[in-house]
Amino acid sequence: MKPVKYVIALDVGGTGMKAALVAEDGTLLHEARRATGRDRGPEAVVESILEFAAELRDLGADRYAGPASAAGVAVPGIVDAEHGIAVYAANLGWRDVPMRALLSRRLGGIPVALGHDVRTGGLAEGRIGAGRGADRFLFVPLGTGIAGAIGIAGRIEAGAHGYAGEIGHIVVRPGGPACGCGQYGCLETLASASAVTRAWAAASGDPGADAADCAKAVESGDPRAREVWLAAVGALADGLVTALTLLDPRTLIIGGGLAEAGETLFTPLRAAVEERVTFQRLPEIVPAALGDTAGCLGAGLLAWDLLATEVPA
């Protein structure tokens with residue numbers, strides 16, 4: 001068998017992991033999923049990641065006649081990508097985990113790239129997804145929270161301290177709901193999928209109702225659902241216009257669970273953003289294209305980028 005050059009890619013979430021072997025042209029040669037095992041504690045999560053990566057290493061070596069060239073891993077929380085440390089992730093119980101070093105050691109010393117989950121997903125969306133061809137883009141996933149990835153010329157801007165793109169913590173309603181970050185009225189407390197779920201559960205009187213149910217109720221003409229939905233869209237538009245004013249992206253990519261509502265979200269959102277801009281240039285507002293594979297694909301891109309920038313000995 002002729003050897004195939006590939007990298008290992010891992011996308012670690014709060015409850016599950018997605019992994020792949022990724023060829024140089026971005027082809028997914030193999031995909032797999034596994035629970036993180038966070039119920040067993042933070043150390044068990046780290047060990048689950050290392051075991052999963054080692055299994056992929058063995059599978060790749062057997063199937064493609066050679067070892068992986070590198071690995072990329074995307075993790076949630078605060079990430080020090082330069083030093084390869086997962087600094088903090090509340091949902092995994094992590095503090096200062098030297099993920100790059102641990103993973104490289106388990107994989108026989110191959111180079112490893114570490115990235116933040118949203119910025120890594122944004123990298124994939126910008127290069128090979130909905131933002132392909134855009135020189136400037138902003139990727140905003142609307143899920144449990146709201147984060148962002150700032151794309152510039154095919155790369156993601158992490159900022160001086162690794163916090164760039166945290167659009168979810170722009171205060172859009174001063175004095176509004178308390179946010180886990182310590183502020184009040186942050187965008188993610190009003191326009192995330194979690195926020196819509198809370199608001200619709202209260203408005204409908206059904207504690208089991210969620211954001212997807214709210215979207216369906218909007219589509220069926222329920223005035224209570226429409227009120228909840230448009231309040232979230234208005235808050236989102238306010239936050240996005242602040243981001244547009246600062247960043248001037250050519251393309252605005254909206255992903256996450258709330259974006260699955262399709263035009264139920266995008267039609268009023270485009271209108272609300274257009275109503276609010278004055279001198280700003282209106283970007284193209286589009287849905288994300290890669291779904292939940294974005295983080296894994298982005299981790300593969302991080303690994304290939306790492307190989308491209310390595311200086312031969």
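Keep in mind that what you see is a predicted model, and the values were worked out from it rather than measured. (Residues numbered from 1 in each chain as written. Predicted model: local features only at pLDDT ≥ 70, side-chain atom pairs only at ≥ 80, totals over all residues. Heavy atoms only, no water.)

Caption draft 1: The arrangement of the packing of helix α5 (residues 193-204) against helix α7 (residues 223-247) in detail. Closest axis-to-axis distance for the α5/α7 pair is 10 Å, and the angle between their directions is 155 degrees. When the axes of α5 and α7 are compared, the pair comes out roughly antiparallel. Judged by the sense of rotation from one axis to the other, the crossing of α5 with α7 is right-handed. Listed contacts from α7 to Val196, Ala199, Trp200, Ala203 and Ser204 of α5 are Arg224, Ala225, Val228, Trp229 and Ala232. Of the residues assigned to the contact of α5 with α7, the class counts are eight nonpolar, one polar and one charged. (Axes fitted to C-alpha atoms, helices over the stretch in contact; angles between N-to-C directions. Helix = DSSP H or I, 4+ residues; strand = E, 2+ residues; numbered from the N terminus. Parallel < 35°, antiparallel > 145°, perpendicular 65-115°, else oblique. Left-handed = near helix turned anticlockwise from the far one by under 90°. Contact = heavy atoms within 4.5 Å. Nonpolar A, V, L, I, M, F, W, Y, C, P; charged D, E, K, R; others polar.)

Caption draft 2: Region of the structure containing the pairing of strand β2 (residues 16-23). Among the eight residues of β2, seven are classified as buried, and the element is accordingly described as predominantly covered. As paired elements, strand β1 (residues 6-12) and β2 share seven bridges and run antiparallel to each other. Residue pairing for β2: Ala9 is matched across the bridge by Ala20. Here β1 folds back onto β2, and the loop between the two strands holds three residues. As paired elements, β2 and strand β3 (residues 28-35) share seven bridges and run antiparallel to each other. Each bridged residue has a counterpart across the sheet, and for Ala19 the counterpart in β3 is Ala32. Hairpin connection, β2 to β3: the antiparallel pair is bridged by four residues, and Gly26 has positive phi, about 90 degrees. (Buried < 20%, exposed > 50% of the residue type's maximum accessible area, 1.4 Å probe, protein only. Pairing = 2+ DSSP bridges.)

Caption draft 3: Examining the sheet that holds strand β8 (residues 112-116) more closely. What the five strands build is an open sheet, ordered β3-β2-β1-β4-β8; its pairing is mixed. Strands with a single pairing partner mark the edges of an open sheet, and in this sheet they are β3 and β8. Here the strands of the sheet are splayed against their neighbours by 15 degrees on average, with no regard to which way each runs. On top of the sheet, helix α3 (residues 117-128) reaches β1, β4 (71-75) and β8; it is set at about 100 degrees to β8, its chief contact.

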